[in-house]
Structures are given as structure tokens and as C-alpha cells.
Amino acid sequence: MSLSHANDDARTRARDARRVVLATFIGTTLEWYDFFVYALCAVLVFGPLYFPTGDPVVGQLGAMATLTVGFVARPLGGVIAGHFGDRIGRKRMLVVTLLIMGISTVCVGLVPTYAQIGVWAPALLVVLRIVQGLAMGGEWGGAVSMAIEHAPPNRRALYASAPAVGPAFALVLSNLVLIGLEAATGDAFTVWGWRIAFVGSVILIVIGMLARRKLSESPLFEASVAQEPEAVPVLEVLRSHGGTLLKTLIVAGVPGISTYIVQTYSLTYGTSAVGYSRSSLLWIAMTCGVVAIPAVIYFARLADRVGLRPVLVAGAAMQGLTALLLFPLFDSGNLMLAMLGGVLVVTSSCLSFACIPALLTENFPPKIRYTGISLAYQLGSIVGGGLAPIIATAIFTESGKSWLIGVYMASANVVALGCLMLLRKKPAWQVKAEEKNASAAPAQGDGSNLVGEVPVSGA
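Residues numbered from 1 in each chain as written. Predicted model: local features only at pLDDT ≥ 70, side-chain atom pairs only at ≥ 80, totals over all residues. Heavy atoms only, no water.

A. Quick peek at empty space enclosed by the protein. Evaluation of the coordinates by the stated rule reveals three cavities of 30 Å³ or more. Counted as a void, the largest cavity has a volume near 340 Å³. Around the largest cavity, the lining comprises 28 residues; the ones closest to its centre are Trp32, Pro167, Thr259, Phe353 and Tyr377. Contributing elements (two or more residues each) for the lining of the largest cavity: helix H1 (3–44), helix H3 (56–85), helix H8 (162–185), helix H13 (242–274), helix H14 (278–306), helix H16 (335–362) and helix H17 (369–386). Among the residues forming the lining of the largest cavity, the class breakdown is 18 nonpolar, nine polar and one charged. The volume enclosed by the second largest cavity comes to roughly 70 Å³. Around the second largest cavity sit Val251, Val254, Pro255, Leu312, Ala316, Gln319, Ser352, Asn413, Ala416, Leu417 and Leu420, which together line it. Among the elements of the structure, H13, helix H15 (308–330) and helix H19 (403–422) are those that each provide at least two residues to the lining of the second largest cavity. Broken down by element, the lining of the second largest cavity gets its largest block of residues, four residues, from H19. (1 Å grid on protein atoms, 1.4 Å probe; cavity = no way out; pocket = protein on both sides within 12 Å on 5 of 7 lines; lining within 4 Å. Points joined across faces, edges and corners; volume = space filled by probe spheres on them. Helix = DSSP H or I, 4+ residues; strand = E, 2+ residues; numbered from the N terminus. Nonpolar A, V, L, I, M, F, W, Y, C, P; charged D, E, K, R; others polar.)

In C-alpha cells form, the structure reads like this:
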């Protein structure tokens, strides 16, 4: 191949990589916007509208339970999308998941209240939340796989962090939309104003679809299925990578505890137990999202230089420490101190979120990667974000001591740190692939010969 052709190929690969990063960022932002809008409305308005029990705590728990249902559905979505994504391609499934999420979100904004149709109202809400969870479960693994499999060797953590930056940007966007709607509609916000945030997302979905339709398929996926692909990827994940799955789901899930305590539970706790205004708490959540965007990018770049493990260890330690500070600062009644507590916790979690995509990717081979990382991340999301608001509510309801929630958060990070230490620095699949390459040295491999694609964990 001539030098000019090589340069042209390099430029084409770089252009494709940038396009994939942008498209995965946009798509993940839009899907997480839909997810966050639901989460915020669940703690702000859904209780009295869809679970009018007469007891505000019970009603709030009912609304939060629908939030958890979405998390429970995410692993199934990851299995379904991963099955087809590992067999027919990442790109197609990313288009499908985005479309499903968009339709279900618009429908949430159209569901009548309990006063209008009785028990059908919360039932429809649960069904749509399950559909949202299925779409979200299939989105993340495909976006991460596409981003990292197009990335140059020295920027894999950075490229893989694009789907991690998306949720932070989505948090800012969702809070801005709800703050704007509350200001524009006033008292009508809790009646119908919140619905605009859901129905209006159809515009964002169109933008995401346009961004994804021009994507090129992952070259590593095409190489990995040059031979016969796995018939049922999820069975291979459970059979040959079960231990890795268990450890990675805990490492991936625990940082979600910190973020969802700040982003969802604190909205209820701050208004009912401390007396902050709802709009003030939304501004705190949005500020945390603004800080998280550059933080994730910076820590991903750092991980590309020093390795994943040092950054992840620092992240777990800092999350444990800031968790113990969060509620004493929140309980001060000083809005700036409460904001400081939230920013400290979320920034600490960004060390982990910046590294988790690359960590999961390097622990699962290309032939089952979409399925493997989807299962790890989505099962982890149940352990983390899905259960955290309910556990926090139960802890405070039973004890009346908010600092115990901080102990729960810190303890979870100790467990995550232990699981991280148990993960091998070089996954077994990479070791086997290197041994196979050393003996066979094929000219064109099946994807397993590309063992240098993701080793970013460092020594």
C-alpha cells in the first residue's frame, strides 16, 4: 500500500472515529434525558398524580418504585440488544433502542392521572417505564462498544467516556427543561406543565436518529464475526465469564448510588426534611451535571495516561469520604453548603464513570462484548441507581438519621474497591488470545487477535 493510500485510510478512520464519538454522545444524551426527566418527575409530581394514597411517604415510595422498575428492565434490554448487536451489528441496535426510547417517553407525557382512569394510570406508567428500561439497557453497551472499537490506541478511555459524558449533559438538559417549565407554567406545572418535557422529546429523538444513520459499523465487530458468531452470547457470558460479570457489575454499579442519591433522593429529602425549595434543589442537581461534564473528560484523559486502576481506586476512596460529608452539609440548611456536598459527591463519582466503559470493555472479548458489558452495567445499575433512592428513603424513615445514608454509600464503595482488586490486570480472554496469536500468527484474525485494542488498565 502506498504512503498516500495509508494516509487516506488513517484520515478516514479518524473521521469515522470522531463521527462515532459524536453520534454516541448525542444518542446517549437523548436517551438519558428521557430517563432523567422521568426520574425527576417521579420524585417531584408523580406521587400525588398516580399514587394518591393519602400518605405522602407511601405515595413517594410508589412513584420511586416505578423508577426502580425501569432499572430492573435494563438488564433484559441489554441481553436482547446484546444478542443481536453481537450477531448482526452495533449500529442497527443503536437506531432501534433510540426509537423505542423516544416513543415510550412521548407516551409517558400522555398518560392520564389516577383521578381520570383509576388504577390504569399507574399500570400504564409501569409498562412504559419497563419499555424505557429495555431501550436504555440496550443503548449503553452498544454505544460504548462502538466508541471504543473505533478509538485510536492512546485514547480508548477518552473515546469510551463519550457515553458517560452523555448522562451528565442529559442531567443538565433535563433540569433546565423542568426549571424552565416550572417557571413558565407556575402552579400548573404539577398538573400539566411537566408533560411538555416528555412530549417535546420527540424533537430530540429526530436529531439523534439523523446523527446515527451515517455511522459506519464497528471494524472490530466485523472482524470478530468473520468466523461463526456465538449462537447465544448471554450463555457464553454466564458460562465463561460469570466471575468477571459479578465483579464488574459491582464496580460499575456502586458509583450510581452516589449520583442517584444526589440527583433524585435529595430532591425529596431536601424539601420535606430540610426545607429547601424545589427549584433550589433542581439547580443543585443541574450544577452537579455541569461539573460532571468536564470532570469525566479530564479523568478519562488521565486514565489514558496512568491507567484505569489508579483512577478507579482514587474514585472509590473519594466517594466513600464525600458520602460521609454529604448529609451533614445538606442538613446545615445553607444552600451553598448543600451544593458543595452534592458537587463533591458527584465529582468523586466521575473518576469511576470516566473509567467504567473502558474497564468493562477490556474484560469481555469482542464476540460477546455488547452482551457482556450491557449485563455488567445494567445489573450494576439495579444495585446502584435503581435501589439507592428506596434504600435511602427506608433508612431515613426508620432511623430519622440522615448520616446513616452516608454510611450506606461509603460501605458500598468499600465493597466496590474489593471487587476491583479481585479483577485481573489482564483478563483471561486476552491472555488466551495472545497465546493463540503467538503460536498461530494469522494474517487475518477473527477479532481475538486484536488483543491490543483495549488494554488501558495499566500496571
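Read on, since the account is not over.
B. View of the environment of Phe46. With respect to the helices and strands, the residue Phe46 is situated in helix H2 (residues 46–50). Under the relative-accessibility criterion, Phe46 is labelled buried at 0%. As for Phe46 and Pro122, which are separated by 76 residues in sequence, their C-alpha atoms are 9.3 Å apart. Excluding its chain neighbours within four sequence positions, the residues that come into contact with Phe46 are Tyr38, Cys41, Phe51, Ala63, Val108, Leu125, Trp194 and Phe198. (Buried < 20%, exposed > 50% of the residue type's maximum accessible area, 1.4 Å probe, protein only. Contact = heavy atoms within 4.5 Å.)

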